[in-house]
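Reading the structure
Residue strings, one per chain:
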Amino acid sequence: MEGWGKAALLLDTDNSFDILRFHRLLVSHLTRQLEQGYSSWTGHVHQPSLPDLAEELASICLQNLHVFQPNSSPQLATTLLNLPKYHATHPYLHKLDIGILAIDSMSAFYWKDRYDVEQSRESGQGDLSSLNPLRHVLAALQAFRVSHGPVIIMTNWGLNPLRKPAPTGEPTSMFFKQHLYPFPAPFDRHDSSSHIPASTNPPSQHSVAPDARPLTALAPPPGIALDAMQEHRSLPLTCHITLRPVPVSPFAPTLTLSELEGNEP
């Protein structure tokens, strides 16, 4: 069925992953795939039903999925650092390559980390750049990328649009300022003299939003040194996808409930 036959690791920092829904989606996908070649089973004495076969295959596939739920940035970094040992000692996982490592999302502990850094800045304790937990997360992620080479997927909140809404009602920019520091820049060319776009249009590595500003123009939060922002260069992003909710026009306040049900069954 054109699967990889590899393991997938998910770090569910938002604590929002629904394994039951994922199972239903997987069974549905496998059922559609099986329908195409199910006729070859006709005539077998112990021919399984299509739903039973899809359920059995889904159970096998789910053995390749490993979900972790760290509840802080230090726990996220520690989990990443211990993944090689987990991979080598797990009774089933050690036989497989790790195809995908996903973190959903990198922004989960943003406000707590920002508060801790600002508290440390006000008290004057230690090197503030080293206190930023995201530095340790990215370092651990880079080490695992080098040792195991998985496809890495990171989701990230879009908090601040690049452009504020215009007084005329024009919508905000489809792109967002990066609120995490340090963080890998899209399509980093490992050239310290180049300016990396703050937002990049996914279809082209060199197309930039008209209102995009260089990464160097976005000042880091207080207490985050500029040299800390450069550590992301060892972990470049090769694809950047921005998802936005589709705007829904509100119903007119004069419509009755029966009219609404007729328009939107």
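That block above? That's the structure.
Criteria and cut-off values
Throughout this description, residue numbers start from 1 for each chain and increase along the sequence as written. The predicted nature of this model means local features are confined to residues of pLDDT at least 70 and side-chain atom pairs, given and counted, to a pLDDT of 80 or more, with totals for whole chains, interfaces and linings taken over all residues. Only hydrogens and water are set aside; all other atoms, that is, all heavy atoms of the structure, feed into the side-chain values. Secondary structure elements follow DSSP: runs of H or I no shorter than four residues count as helices, runs of E no shorter than two count as strands, and numbering proceeds from the N terminus. Partly exposed residues are those whose accessible area sits between 20% and 50% of the maximum for their type, while under 20% is buried and over 50% is exposed, using a 1.4 Å probe and protein chains only. Between two residues, a contact is recorded if the distance between any of their heavy atoms is within 4.5 Å. Surface accessibility follows the Shrake-Rupley procedure with a 1.4 Å probe radius. Residue values consider only the protein chains on display as shielding. An axis is simply a line fitted to the C-alpha atoms; with a helix, the fit covers only the stretch in contact. Between two such axes, the angle follows the N-to-C directions and lies from 0 to 180 degrees. Oblique is the label for any angle not covered by the other classes, which are roughly parallel (under 35 degrees), roughly antiparallel (over 145) and roughly perpendicular (65 to 115). We call a crossing left-handed when the near helix sits turned anticlockwise from the far one by less than a right angle, and right-handed when that turn is clockwise. When DSSP finds at least two bridges between two strands, those strands are taken to pair. Take the residue count of a helix, subtract one, and multiply by 1.5 Å to get its expected span. Working definition: the arc comes from the directions between the helix axis and the C-beta atoms, pointing outward to the latter. In these notes, a set of buried Ala, Val, Leu, Ile, Met, Phe, Trp, Tyr and Cys residues joined through side-chain atoms within 4.5 Å is what counts as a nonpolar core. Two joining distances apply to patches: 9 Å for like charges and 5 Å for nonpolar side chains (Val, Leu, Ile, Met, Phe, Trp, Tyr), and every residue must have over 30% relative accessible area and no salt bridge. Just to be clear on terms, a salt bridge is a Lys or Arg side-chain nitrogen sitting within 4 Å of an Asp or Glu carboxyl oxygen.

**Thoughts on the overall build of the protein**
For the protein, the count of helices and strands is eight helices and six strands. Helices and strands in the protein line up, N terminus first, as β-α-α-β-α-β-α-α-α-β-β-β-α-α. Burial statistics for the protein: of 265 residues in total, 34% are counted as buried. In the protein, of all internal contacts separated by at least 6 residues, the share reaching a separation of at least 24 is 70%. Carbon and sulfur atoms provide 57% of the accessible area of the protein, an area that totals close to 16,500 Å².

**Notes on the packing of helix H3 (residues 73-89) against helix H6 (residues 133-148)**
Contact geometry for H3 and H6: axes closest at 7 Å, N-to-C directions at 15°. The angle between the axes of H3 and H6 places the two elements in the roughly parallel class. In this structure, H3 crosses over H6, and the sense of that crossing is left-handed. Along its contact with H3, which presents Ser73, Pro74, Leu76, Ala77, Leu80, Leu81, Leu83, Pro84 and His87, the element H6 presents Pro133, His136, Val137, Ala140, Leu141, Phe144 and His148.

**Re the sheet that holds strand E2 (residues 65-68)**
The strand order E2-E1-E3-E4 describes an open sheet built from four strands, whose pairing is parallel. The open sheet is flanked by E2 and strand E4 (151-154), the only strands paired with a single partner. Adjacent strand axes in the sheet meet at a mean angle of 15° when their direction is disregarded. Looking at chain direction, strand E1 (residues 7-11) and strand E3 (residues 98-103) are connected through five bridges and run parallel. Among the inter-strand pairings, Leu11 is bridged to a residue of E3, identified as Ile103. Its contacts with the sheet place H3 against E1, E2 and E3, and it is angled at close to 165° to E3. Packed on one face of the sheet, H6 meets E1, E3 and E4 and runs near 170° to E3.

**Quick notes on helix H4 (residues 110-123)**
Spanning 14 residues, H4 covers 20 Å between terminal C-alpha atoms, matching the ideal 20 Å at 1.5 Å per step. Where H4 is concerned, the buried positions are Tyr110, Asp113, Val117 and Ser120. The buried side chains of H4 occupy one side of the element, clustering within an arc of 100° when seen end-on. With respect to the buried face of H4, the exposed residues turned more than 90 degrees away are Trp111 and Glu122. Backbone geometry just after H4 places Gly124 at a positive phi near 65°.

**Describing the nonpolar core**
Core analysis: the largest hydrophobic core is formed by 26 residues, its most contacted members being Leu9, Leu80, Leu101 and Met106. Secondary-structure elements contributing two or more residues to this core are E1, H3, E3 and H6. With six residues, H6 is the single largest residue contributor to this core. Val27, Leu30, Leu53 and Ala58 belong to the second largest nonpolar core, which has eight residues in total.

**Digging into helix H2 (residues 50-62)**
For an α-helix the count is 3.6 residues per turn, leaving residues at separations of three or four pointing the same way. Between its terminal C-alpha atoms H2 stretches 18 Å, which fits the 18 Å expected from 13 residues at 1.5 Å a residue. For H2, every residue scored as buried is listed here: Leu50, Leu53, Ala54 and Ala58. Projection of H2 onto a plane perpendicular to its axis shows the buried side chains occupying an angular sector of 135°, all on one side.

**Considering the pairing of E1**
Burial runs high along E1: four of the five residues are buried. The pairing of E1 with E2 spans four bridges and is classified as parallel. Following the sheet pairing, Leu10 is matched in E2 by Val67.

**Quick look at a nonpolar patch on the surface**
There is a patch of nonpolar side chains on the surface, built from Trp4, Val151 and Ile153 and spanning about 310 Å² of accessible area. Checked against the element boundaries, Ile153 lands in strand E4.

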